[in-house]
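The primary structure of each chain is shown beneath.
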Amino acid sequence: MVDLLTDDPKDAEKTAQDYERELTAAILAALLLFRSRAATVTVWYMPASWWSDFALSMGGALAPIFDAHDAAARALYRSFDSLDPAVVATERDAKRAFLKQFGAGTKAAVDAVFAWGKRNGLTIEEVGKVLSFAAGTNARQTGGLLVQLETLKALGAKEADINRVMREWATKALKERAKMTAATELWNAVQMGRESAAKQAQRRSNEAVEVRKYWQVALDERLCPVCAAIPSMNPNGVPVGEAFRTPVGPVDAPTIHPRCRCTLTFEAVSPGQF
């Protein structure tokens, strides 16, 4: 039989929790550093420089994600080899995908500031001042920041008070983004690690077996309609390495949205059983 350890989803939850504080702090530090370096208008007109600076500040913060990936894999498969070329490639691709997605969200916030500044007739210097607060936030957060800024100005607040409120608001937004990102990306990494372990175990097995994965949901009042539909759309699970059918299209594994609590479980079956 495939040499999998006891498949307890609680192991995945514990692994994510073990790394969440470390990753949250690392992402927040990277965002604050990025904001301090990139809060000039010039850098946003230089995409190559912007991306290089962003990738440098964020890339180094991601080590806890891959530590969690490997820890979750070893909890499922004792002989898991994190240096396996397939695993290395998976982690490399995941890092690129995360930086691309996270960077796009960050850039969208900056674009929103430029558009807002243009609509309101701001000078380049004034746009740069707003960017000194908004850099590192996402588009939704920046939208709130701009509403707050407009409200303060409409109330006739002093410049010093506006700057103080904006700094406090922006720092709180970065903390919230770091915390949300850490929780979601760690859960992604844990699920990815568990599947990497299942693939590796199946590949190394001397027996003709198929390892299938199943999408498990958290059955409580917070369960969303999208996640709730997935188990019934895949009643026999799917082979590891294949995507689940979901209401939003093929998805390899949780998460399907921020703070998703779905998880994978695994079962070794005879080939052709399903």
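Residues numbered from 1 in each chain as written. Predicted model: local features only at pLDDT ≥ 70, side-chain atom pairs only at ≥ 80, totals over all residues. Heavy atoms only, no water.

Turning our attention to the pairing of strand S3 (residues 263-269). Counted residue by residue, S3 has 5 buried out of 7 residues, so it is predominantly covered. Sheet analysis places strand S1 (residues 210-216) next to S3, joined by 7 bridges and oriented antiparallel. Note on S3: the bridge partner recorded for Arg212 is Glu267. (Buried < 20%, exposed > 50% of the residue type's maximum accessible area, 1.4 Å probe, protein only. Helix = DSSP H or I, 4+ residues; strand = E, 2+ residues; numbered from the N terminus. Pairing = 2+ DSSP bridges.)

Let us look at the packing of aromatic side chains. Under the definition given, this model contains 2 aromatic pairs. Relative to Phe102, the ring of Phe98 has its centre 5.2 Å away and its plane inclined at 20°; by these criteria the two rings are stacked. One end of the pair, Phe98, and the other, Phe102, are both in helix H5 (residues 85-119), 4 residues apart, so they sit about a helical turn from each other. Taken individually, Phe98 and Phe102 each receive the classification buried, so the pair is uniform in this respect. (Phe/Tyr/Trp six-rings, centres within 6.5 Å; stacked < 30°, edge-to-face > 60°.)

If you look at the biggest cluster of nonpolar residues, it comprises 27 residues, and the most contacted ones within it are Ile27 and Met58. A total of 9 residues in this core trace back to one element, the largest contributor, which is helix H1 (residues 9-38). What Met58 contacts, discounting residues up to four positions off in sequence, is Ile27, Ala30, Leu31, Phe98, Leu99 and Phe102. Formed by 22 residues, the second largest nonpolar core is a distinct cluster that contains Leu76, Trp215, Val251 and Cys262. (Core = buried A, V, L, I, M, F, W, Y, C linked by side-chain atoms within 4.5 Å. Contact = heavy atoms within 4.5 Å.)

It is worth spelling out the packing of helix H6 (residues 124-134) against helix H7 (residues 139-154) at this point. Across the interface, H6 lies against H7 with an axial gap of 11 Å and an inter-helix angle of 125°. Accordingly, the angle class assigned to the pair H6 and H7 is oblique. Remark: the crossing between H6 and H7 carries right-handed chirality. Side by side, H6 and H7 meet where Val130, Phe133 and Ala134 of the first sit next to Thr142, Leu145, Leu146 and Leu149 of the second. A class-by-class count of the residues in the contact of H6 with H7 yields 6 nonpolar, 1 polar and no charged. (Axes fitted to C-alpha atoms, helices over the stretch in contact; angles between N-to-C directions. Parallel < 35°, antiparallel > 145°, perpendicular 65-115°, else oblique. Left-handed = near helix turned anticlockwise from the far one by under 90°. Nonpolar A, V, L, I, M, F, W, Y, C, P; charged D, E, K, R; others polar.)

As a further point, take the sheet that holds S3. Strand order in the open sheet formed by 3 strands is S2-S1-S3, and the pairing between neighbours is antiparallel. Each of the sheet's edge strands pairs with one partner strand only, and the pair in question is strand S2 (238-239) and S3. Sheet strands in contact with helix H8 (residues 159-204) are S1 and S3, and its direction is about 10° off that of S3.

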